[in-house]
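Okay, here's what each chain looks like letter by letter:
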Amino acid sequence: MKTRYIDTHCHLNFKRFNKSREQTIQGAQANGVETFIVPGTDLLLSQKAIEVATSNEYIYAAIGIHPHHTYESTGKPKEEQFMIDMKSLESLIVNPKVVAVGEIGLDRHVYEETKYEDYKISEEFIKAQKKYFIAQVHLAKKYRKSLIIHNRETKKDLLSILETSWHEEMRFHTVFHCCEPDDELLSYAQEHDIYIGIDGDVTYGGEKSLFAKKVPLDILVLETDSPFLLPEPLRAQKKYPNTPANIPLIAQCIADLKGIGVEEVAEATTRNAKKLFNI
């Protein structure tokens with residue numbers, strides 16, 4: 001029996017794949033990756049995620065506005081822009097290929113490469129992130145969709161919002177995407193039946209490897225975050241971009257860390273992903 005995987009987070013909607021999308025999908029499927037979740041990061045890429053998902057029965061979409069892209073709302077009439085964005089997301093979420101809202105969340109990281117001029121982490125920016133995050137959590141609840149949560153350097157704020165926005169339907173239908181190696185986040189995930197997404201950086205060693213070893217198999221899902229986070233040994237060989245075909249490398253690393261067979265990792269993470277996204 002051939003080992004089967006699900007890539008729960010791959011940006012096949014990004015322009016990086018415009019000339020190679022079908023080849024990338026076929027290559028991944030030939031390598032045992034049978035199903036893909038494609039998340040949005042803004043309105044245009046959410047629409048593109050739906051287009052990609054509609055083209056293939058094994059691809060599903062998530063729609064959402066990434067915290068980085070709420071920066072746009074700080075320079076415009078805020079309430080007007082916010083209402084337009086939420087209305088637009090609501091028009092997309094009714095598509096039958098949409099299984100989740102994401103990736104959404106909070107982010108205090110200062111990015112060196114960004115399309116935004118004079119980019120900085122201001123309290124106004126963080127306030128906008130929180131507003132969008134809370135609204136999108138409520139949108140997911142309204143339409144009974146799963147959540148893909150992005151968090152970077154904002155643990156305290158994130159957990160505070162989750163505590164006030166939490167509802168029981170989020171259990172088993174929420175994932176901490178590319179989860180930071182943090183024991184408090186892991187404890188919260190275990191207490192609330194939240195899945196932990198593990199990506200190619202687990203192959204780099206260090207804290208992420210130690211963290212992945214701690215994550216129980218029953219709340220673990222596999223992600224590539226393609227085209228980012230190329231796993232080793234491909235990173236050392238500079239074989240960019242990362243693609244869903246590299247999921248088996250992540251699975252093997254996890255299996256080695258836990259001292260179990262890769263088939264056990266594949267079966268558990270596939271089962272978890274299907275439950276997470278109701279697919």
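**Observations concerning the pairing of strand β2 (residues 33–39)**
And then number 1: β2 sits mainly inside the fold: 6 of its 7 residues count as buried.
And then number 2: Where strand β1 (residues 5–7) lies against β2, 3 bridges are found, and the strand directions are parallel. The partner of tyrosine 5 across the bridge, within β2, is valine 33.
And then number 3: Read as a crossover between parallel neighbours, the route from β1 over helix α1 (residues 21–30) to β2 is right-handed.

**As for the pairing of strand β5 (residues 146–152)**
Where a strand is regular, its side chains alternate between the two sheet faces.
And then number 1: β5 sits mainly inside the fold: 6 of its 7 residues count as buried.
And then number 2: Examined bridge by bridge, strand β4 (residues 98–107) and β5 share 6 bridges and lie parallel to one another. Among the inter-strand pairings, leucine 106 is bridged to a residue of β5, identified as asparagine 151.
And then number 3: Where the polypeptide runs from β4 across helix α4 (residues 123–143) and back to β5, its parallel neighbour, the crossover connection is right-handed.
And then number 4: Relative to strand β6 (residues 174–176), β5 runs parallel, the two being bridged by 3 bridges. Counted as the bridge partner of leucine 147 is threonine 174 from β6.
And then number 5: With helix α5 (residues 155–165) bridging β5 and the parallel β6, this β-α-β connection has right-handed handedness.

**Quick look at the packing of aromatic side chains**
And then number 1: Using the criterion set out here, one finds 2 aromatic pairs in the structure.
And then number 2: On the numbers, 6.0 Å between centres and 75° between planes, the contact of phenylalanine 14 with phenylalanine 228 is edge-to-face. Of this pair, phenylalanine 14 sits in the loop between β1 and α1 while phenylalanine 228 is found in the loop between β8 (220–222) and α8 (247–258), placing the two residues 214 residues apart along the sequence.
And then number 3: Residue class for phenylalanine 228 comes out partly exposed when judged on its relative accessible area of 42%.
And then number 4: For the pair phenylalanine 82 and tyrosine 132, a centre-to-centre distance of 5.2 Å together with 85° between the ring planes defines the contact as edge-to-face. With phenylalanine 82 in helix α3 (residues 78–93) and tyrosine 132 in helix α4, this residue pair connects regions lying 50 residues apart in the sequence. Take phenylalanine 82 and tyrosine 132: they sit in the same class, and that class is buried.
And then number 5: The ring of tyrosine 60 has lysine 97 lying over it, and the distance from NZ or CZ to the ring centre is 4.7 Å.
And then number 6: Between lysine 275 and the ring centre of phenylalanine 172, over which it is positioned, the NZ or CZ distance is 3.9 Å.

The rules behind these values
- Residues numbered from 1 in each chain as written.
- Predicted model: local features only at pLDDT ≥ 70, side-chain atom pairs only at ≥ 80, totals over all residues.
- Heavy atoms only, no water.
- Buried < 20%, exposed > 50% of the residue type's maximum accessible area, 1.4 Å probe, protein only.
- Helix = DSSP H or I, 4+ residues; strand = E, 2+ residues; numbered from the N terminus.
- Pairing = 2+ DSSP bridges.
- Right-handed = clockwise from strand over helix to strand, strands pointing away.
- Phe/Tyr/Trp six-rings, centres within 6.5 Å; stacked < 30°, edge-to-face > 60°.
- Lys NZ or Arg CZ within 6 Å of the ring centre and 35° of its normal.

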